[in-house]
Structure formats: C-alpha cells, structure tokens
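Tertiary structure, described
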Amino acid sequence: MKNLFLLISLLTFTTLQAQHSNISGKVLDGENKAVGYANVLLLKAADSSLVKGALSEDAGTFMFDGVTPGKYVVVASMVGQGKASSPAFTVTEIAGNITLEPILLKQAATNLKEVVIEGQRPLIEQQFDKTVMNVENSIVAAGNTALDVLEKAPGIVVDQNDNISMRGRQGVMVMIDGKQVPMTGTELANYLKGLSASALDKIELITNPSSKYDAAGNAGIINIKLKRDKSLGTNGSVAASFGQGRYSKGDASLQLNHRANKVNVFGGVNYADRMNFSELSFLRTLKANGEETGSYTQDNLFKFRGENLSGRFGMDYFISKNTVVGAVATGFFSDITRDNTNTTLLYDVQKNLESSATTAADVSHSRDNQSINLNLKHTLDSLGREITADVDYITYQNGDLQDFAIRRFNLNKEQVGSTELLHSTLDGNLTIKSAKADYVQPISGLNATLEAGLKSSLVNADNDQKFYDRTDGRNDLNTNRSNRFLYDENINAAYLNANRKGEKVSLQLGLRLENTIAKGEQLADVVNEQDREFDRNYTQFFPSAYMGYNLNKKNEVGVSLSRRINRPSYNQLNPFKNLIDGFTISTGNPNLKPELSYSFELTHTFDKRFITKLSYSQTTDVIVNVLSRENQNDNVVIQTFRNLAKFDYYGMTFTAPITVGTWLNSTNNATFYYGLYRGNLANTNFENSKPAFTLNSNNNITIKNGWSAEVVGVFRSSEVYGPMTVDPLWFMSAGVQKQIWDKKGTIKLNVSDIFFTNRVHGENELADYTEVFDQNRDTRVATISFNYRFGGSQVAPARRRTGGAEEEKSRAN
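Below or above, wherever it landed, is the structure these notes cover.

Thresholds, definitions, all that
- Residues numbered from 1 in each chain as written.
- Predicted model: local features only at pLDDT ≥ 70, side-chain atom pairs only at ≥ 80, totals over all residues.
- Heavy atoms only, no water.
- Helix = DSSP H or I, 4+ residues; strand = E, 2+ residues; numbered from the N terminus.
- Buried < 20%, exposed > 50% of the residue type's maximum accessible area, 1.4 Å probe, protein only.
- Contact = heavy atoms within 4.5 Å.
- Core = buried A, V, L, I, M, F, W, Y, C linked by side-chain atoms within 4.5 Å.
- Patch = residues over 30% accessible without salt bridge, like charges linked within 9 Å, V, L, I, M, F, W, Y side chains within 5 Å.
- Areas by Shrake-Rupley, 256 points an atom, 1.4 Å probe, with all protein chains shown as cover.
- Salt bridge = Lys/Arg side-chain N within 4 Å of Asp/Glu carboxyl O.
- Lys, Arg positive; Asp, Glu negative; His and termini not counted.
- Charge placed at Lys NZ, Arg CZ, Asp CG, Glu CD.
- Pairing = 2+ DSSP bridges.
- Phe/Tyr/Trp six-rings, centres within 6.5 Å; stacked < 30°, edge-to-face > 60°.

Let's shift gears to the overall build of the chain. Across its full length, the chain carries 5 helices and 46 strands. Relative to its full complement of 813 residues, the chain shows a buried share of 52%. When contacts within the chain are restricted to residue pairs at least 6 apart in sequence, those whose partners lie at least 24 apart make up 67%.

Time to look at the nonpolar core. Ranked by internal contacts, the top residues of the largest apolar core, which has 33 residues, are Tyr 296, Val 622, Val 624, Leu 644, Tyr 677, Leu 681 and Tyr 721. Contacts of Leu 644, omitting those with residues within four sequence positions, involve Thr 620, Asp 621, Val 622, Val 624, Tyr 677, Arg 678, Gly 679, Asn 680, Leu 681 and Phe 686. Counting residues in each nonpolar core, the second largest holds 27 residues, with Ala 153, Ile 156, Ile 176 and Leu 188 among its members.

Backbone geometry places Asp 753, a non-glycine residue, at a positive phi of 45 degrees. Among the structural elements, Asp 753 can be located in the loop between strand 43 (745-752) and strand 44 (760-766). Of the residues examined, Asp 753 reaches a relative accessible area of 2% and is grouped as buried.

This part takes up the environment of Asp 335. By the secondary structure assignment, Asp 335 is in strand 22 (residues 323-347). The class of Asp 335 is partly exposed, set by a relative accessible area of 45%. Sequence-wise, Asp 335 and Leu 309 are 26 residues apart; in three dimensions their C-alpha atoms are separated by 9.1 Å. If we ignore the near neighbours within four places in the chain, the residues touching Asp 335 are Arg 305, Gly 306, Glu 307, His 365 and Ser 366.

A contiguous nonpolar surface patch, about 610 Å² in accessible area, is contributed by Phe 242, Ile 703, Trp 707, Val 736, Ile 747, Leu 749 and Ile 784. Looking at the element boundaries, Phe 242 is found in strand 18 (residues 233-244). For Phe 242, a relative accessible area of 44% corresponds to the partly exposed category.

Looking now at a negative patch on the surface. On the surface, Asp 727, Glu 763, Glu 765 and Asp 774 cluster together to form a negatively charged patch. Mapping Asp 774 onto the fold places it in strand 45 (residues 769-777). Assessed through its relative accessible area of 38%, Asp 774 is described here as partly exposed.

This brings us to the pairing of strand 31 (residues 555-566). Successive residues of a regular strand alternate their side chains across the two faces of the sheet. Extensive coverage of strand 31 is indicated by the burial of 9 of its 12 residues. Here strand 30 (residues 533-550) runs beside strand 31; their pairing, made up of 7 bridges, is antiparallel. Following the sheet pairing, Ser 544 is matched in strand 31 by Ser 562. Taken together, strand 30 and the strand that follows it, strand 31, pair antiparallel across an intervening segment of 4 residues. Across 12 bridges, strand 31 lies against strand 34 (residues 595-606) in antiparallel orientation. Within strand 34, the position partnered with Gly 558 by the bridge is Thr 603.

What follows deals with the packing of aromatic side chains. Under the defined criterion, the tally for this structure stands at 20 aromatic pairs. Ring plane angle 55 degrees and centroid distance 5.9 Å describe the contact between Phe 62 and Phe 64, whose orientation is recorded as tilted. Seen in terms of ring centroids, Tyr 649 and Tyr 673 are 5.9 Å apart; in terms of plane orientation they differ by 25 degrees. Their pairing is stacked. On the criterion of sequence distance, the pair formed by Tyr 649 in strand 36 (residues 637-660) and Tyr 673 in strand 37 (residues 664-681) is long-range, its members being 24 residues apart. When sorted by exposure, Tyr 649 lands in the same class as Tyr 673, which is buried. An aromatic cluster is built from Phe 485, Tyr 487, Phe 534 and Tyr 570, whose rings are joined through pairwise contacts.

Tracing the backbone shows Thr 92 in the loop between strand 7 (89-91) and strand 8 (97-99). In sequence terms Thr 92 and Ser 21 are 71 residues apart; their C-alpha atoms lie 8.4 Å from each other. With residues up to four places along the chain from it excluded, the contact list for Thr 92 reads Ser 21 and Pro 69.

Looking at where Ser 356 falls in the secondary structure, it is placed in strand 23 (residues 353-379). Exposure remark for Ser 356: the relative accessible area of 15% places this residue in the buried category. Residue contacts for Ser 356: discarding those within four places in its chain leaves Thr 344, Leu 345, Leu 346, Arg 407, Arg 408 and Phe 409.

Moving on, we come to the pairing of strand 30. Pairing of strand 29 (residues 505-522) with strand 30 involves 17 bridges; the strand directions are antiparallel. Its bridge partner being in strand 30, Gly 520 is matched across the sheet by Phe 534.

This is how it looks when you write it as structure tokens:
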C-alpha cells in the first residue's frame, strides 16, 4: 500500500508539473455559418488515437485545454454535414494558446482521406448519468468471462455467494442489450460465466434510471452490451483464447454481419469450456438461549466444468427511410458438472471431538434458453416523432441430476450405520411473453421531448423436483423434500417521461405505473396449509425526476430522485429444498415480498472529467440471503432469502481521470459509503452497520510500434450485508497487447489476480448461530488470446436491438 501511495503521488506530481497548452478553433458549414453542437475530436497525428472530445458552442467555437506537447490533428463532424479535419499541428514545450483556422464542414467532405480515425475509447468513461466500461478495448478482459470483467468494474462487488452489488447495495438489475436477465445469485453467475468477454462491447452502470426503464433494480441497472454490426458490406471477427489457472479454460467465437441496401443480416456464435474450483472452509457455532450447544468445522472442495454454446442471429429490413422491421433470435445452452467432497468434524460444548462425517456429491446442471424478438421502428416525420414496438417470446429449461453419498463416523473413525445415498431430479420450465410500445414526441421550439409507453408481460413457471432415498438398495420417494411449484405472473405498465435541455438548465420528469398480479402454488404436502399458495395483486407508482444546471464552462451540477422496486426472482420464490451436503440445505421463500426504495443523488462535474456524486437511499423489506438453523434440535443449517425491515444507504463516489504525457491514461474511482441494516432475522433483532469504501484504478499505457499495456487494481474495505461481515480484500490484474496485420489482428496476454489475493473471509452472526468462513477460487489465471477483424470498415449507424422483456428475463431461474 505504501508503494502504491508513492506511485500515485508521483503520477499526480508529474501531471501537475507538465506544461500544457490551450487549443481553440471554430467549426463552420459550407456557407461559412457557425455550426453548434458539432462533435470535435483531438487526435494524435501519429496514429489518430483519441486524446479528447468536445462539442462546439452555439457560435461554433471549441477549446481543448491542458494539451501536452506533441503533434495533433482536430476532426469535426456533424450529422448531415459530414466530417472535416484541420492540418496537423505541433504543441511545443512552451505553454500557450493555439488558435486553429476554421474547420469547414461540407456535405461530402474529402479532406478526411488523409486521416484514418482510429480513436480508441478509454476503458472507463464517466458520463453524467452513468459509468461506461468499454470491454472491447480491455487487455485484461481477454479470455475472461462476463462475470470476471464485471467484478473489475468500478463500484461492483461479486460476493462469495455470487450476489452482485453496486456501490455497496444489492438488488441490481442485470440486462443484456437492454433485456433483463431473469436470474439472480448462482443462476445469474453461471449465465455470466458462460458469456465470453470477447462477445462484449461495453458495460453500462446506471445508478438512477428514469421512468422509461422498468422499475426493477433498486440499486441500479447493469446493462451489458454485446458487439454488434457497425459497418457496411460484409465483415466480422474471429477470436480464440486459452487460459491456465489451477485448471484450463478456453473459448472461441465468430461474429458476422452483412449490411447493404435495405437488408442487414447479422449473427454470432460462442463456445466456452472452462474448469474451475472453489475451496470453502467454515466453523459453525450452534447456540440455544444465548448459550453454545456445540460446533463443527467443514472443509469443501468444489470442482466445476462448464460447457456453454450461445448464438445470436437476426435481420433488419428497411421498408422505407422511415420504417425498419427486425427479428432477433438467441440461444444459450449450458451444461455444468460439479463434484464436491467435504469433511465435517463435530465438537461438543467443551470443544471435544464427538464424531465426523463426509459428503461426496456428483451434480449436473442443464440450463438452456431460447428467445425471439420482433421489433418495429417508424419515424413519423422530419421533426423526430417516432414509434417503436417489441414483441418477445422467451423460454428457459432447467434440468438437474444430483447424487449424494453421506457417511458418518465415530471417534475411532469407524463408520456408523449405512452410507446414506440420496438422488434428486429437477425438471423446470419458464416461459415469458412480453409486448411493449414506445412513442417519442419532440416539442419544437422548446428543445424538449415527450416520451410515453405501454408494456405487458406474462410469466408461467413449472418446476418439479423429486428426491429419492437409495440407501441399502432402496429407491423410495422422499415426500418431505419432493415438491412441485407453479407460478404465474402478469405485469402491466405505463409511463410518461418529459425532458428539456436548455442552455443552462436541463429537466426530466417521469412517472411509471405498474400493476402486478402473481399467483404461486405448491402441489406437495406442506406443514402449514397457508403456505400452499399465495395470490397477490398490487399497483405501484414510480416517479423519477432530474434537474441539471451549468454553472459555467467548468462546472455542472445535477440532482435526481426516483422510486424503484426489486421483485424476488423466480428462483428466490421457489420453495424447493436443495441439498448441498448433510448439514446444509438451500431453499427459496414463497412468502418473500418485493423491496421498495427511494433514492436521491447529487452530482457535480468539473471540467467534464472529474465527477463527484453524493447519494442517499432508503429501502424497505430488504431481501437478504440468510444462513440459520433449520430447527433447534439438530445441526442442519438452511440457506434462504428473507425480508429485513429497513436499509439506509449513504454514499459518495469520486471519479478522477489522470493523463501523464501521451503514454498514460488512468481512470480512478473511489466510493465511500455507510450502510445501516435494521430488523429481525431468525429470532434476532439487530442493527448492523459499517463505514466502507472501494477503490478502483484502471490504467492504460501506450507503447510504441503497436504495443500497449493495461493495469487494473481493486481494493475493498470491510463491509456488511445484512447479518454478514466481509473482511477487506484487494487484487491486481495486468496485460499487454500487440496489434498486427495492419491493426486487424490483436494478440493479448494477461494475468488476472496476479498475487492471488482475491480471497474472501467473513462472518455470519445470529442469535442461535454464527459462522466464520474462508473461500478461495480459481482467480489467478494467465490467458493468451487472438482476435482478427475482417471485411469492410465503412461505418453506418447501428440500430437498437433490445426487446421488451427486460425485467422478466433478469428474474428468470
């Protein structure tokens, strides 16, 4: 940490001592009239890499300040008026102001023939309303999974149970290309592990979404955008990687696109085969009326192999210049095999060993998903009035086969009784049908836009689980653990959103109305008849508001307010009891209620680079993952989801990009927060709180002759999640890349978690139960990858390919 502090101090000092110049100019059209709001880029003359970007003022003027010595070119562009560039110019060591000749935009600009724009987006972009991680440009992301990349994103934490939190808050909605992935926890993690980083374009972190988005996700939205067509003609890319940690990992992908005239056809396939492990050790202490009654330790070794095949194919047809229809079909097929061995040592109150047990598990999971989306976009007139519509049909199929062998031993290590053999099967099906329509109405003369939309979704789930006791050659159905759960849900929504952007003030007001009708039923025997079924019908309003104010050219402030909901995932509602070993059971909770939150955020931006955010939110009926004793008479622990009364969150986020000369671009993000959990869980009244912070530093280093490097460092302080406290951890990843074959090919070599420090240690504490745990995973991996782009590179506007089933997909099991 001392060396890291010295390095940051040195970089900051070097930056402050560097000599800078101000570059100014003006953008004019073919009639020598000023062009306001043109996109202006400052590029390095040597390789056309992006240095800075800006928008021209109403008078057509622009300025880049703090430019270090070097040779540059300025490129300006405006929709409908083409592009143009300035002659190359040199900034010397002597600081001063440089005024360029006016840049003339023409309909068919020809002076760009000498400039090939290869400006590379920075790894981390901090925009006013969201943080963007450009995965396509990341060196350390090569050969990794989407979950691996997400864990390196600013403010994102993936805990030991694969729950994802943003800036210390759980309840995040994860979307793929604007469609919500209907999963949480382990199911979501397995899905993201099967999605190769080579298929990702960027990740958007949206902390306070507007009413246009589904109201789900009270901690915010993570939108993962896949690579898509951007060029005319036939083009594509191939990629392959191989990684080695304790076990090997590999994947390969192919992306194709053909775009010409009225038809655009696109598609891609990805295959991944990855081996992983997880080591989990814990000490559990059992209590009754505050007094310890016994304890036991357990050492687990989990080995996983995941084979995943995914594909995405679609077509757009341009009926006219104003109307486009399209269809997108996707498929995801995943097979995960897991074997688990553990040893449990049981102790009495005096810590004397009483007995032991072993569990051997052989498990296979099949997770398949298919979807089809039909979409329409129609522009009504030249003013920008627009109608879009989406229809989605999505299916999920889950299949599990599980075999357990449990052996118990006395102090003399002699087996007691027969080996307990358990076998279980799961057959699950989930169907989502969704339709939505959106309308956009620009209001001329006010620089304002009115948006409205309707959405309806139908969800049907049928899960059938059977447990069999095969001890001593039997094959008896265990009716206490077998179950069948049916779930039906209908959500209808409407929203109205208005925004206006003025010279000084920006406003956005929105209101979303959602009605939820849900019914669940268990077909097996239940202890309490009232738990057999539930029927819910509720309507909620979700307002949102934003106001931004430009204080001057250097300072902007904004404030936003919103109300959001986080409904339980279909897996969290499922009451099935899944056996993990002889001492741990995992189950859902059909009585789980949705959590509701109010959020406030104040943002200040300085020099369009340095961003500070102050946040507060209050969440009721917080959904937390809880480990507690199944009953007081045995040592079995049950893991389930429960509602906690309240969670208050106070946070501050600061983003600081640092540039040193032309060789280093560093984006640094710090999040400080305080979370207070209050309520009753498992007969425990508690208030659990702790100040915490996370630091994230992403550094891009430019080396000559097509070489570049990247270093990513993450530090997380101790933090709390409900009754659980997690100790601090840190990790670092680094990589280099070389561009070859006229920059169409790229070779990358990276090592993740170089020092193997991404290890989790924590503690759960309730009135009748405490647990101290340690977990290690296969996080230190060396990966080599190759990517090759082929075909045309003439850029054409990319079309949105999202659907309407965003929230439902994120909750699917």
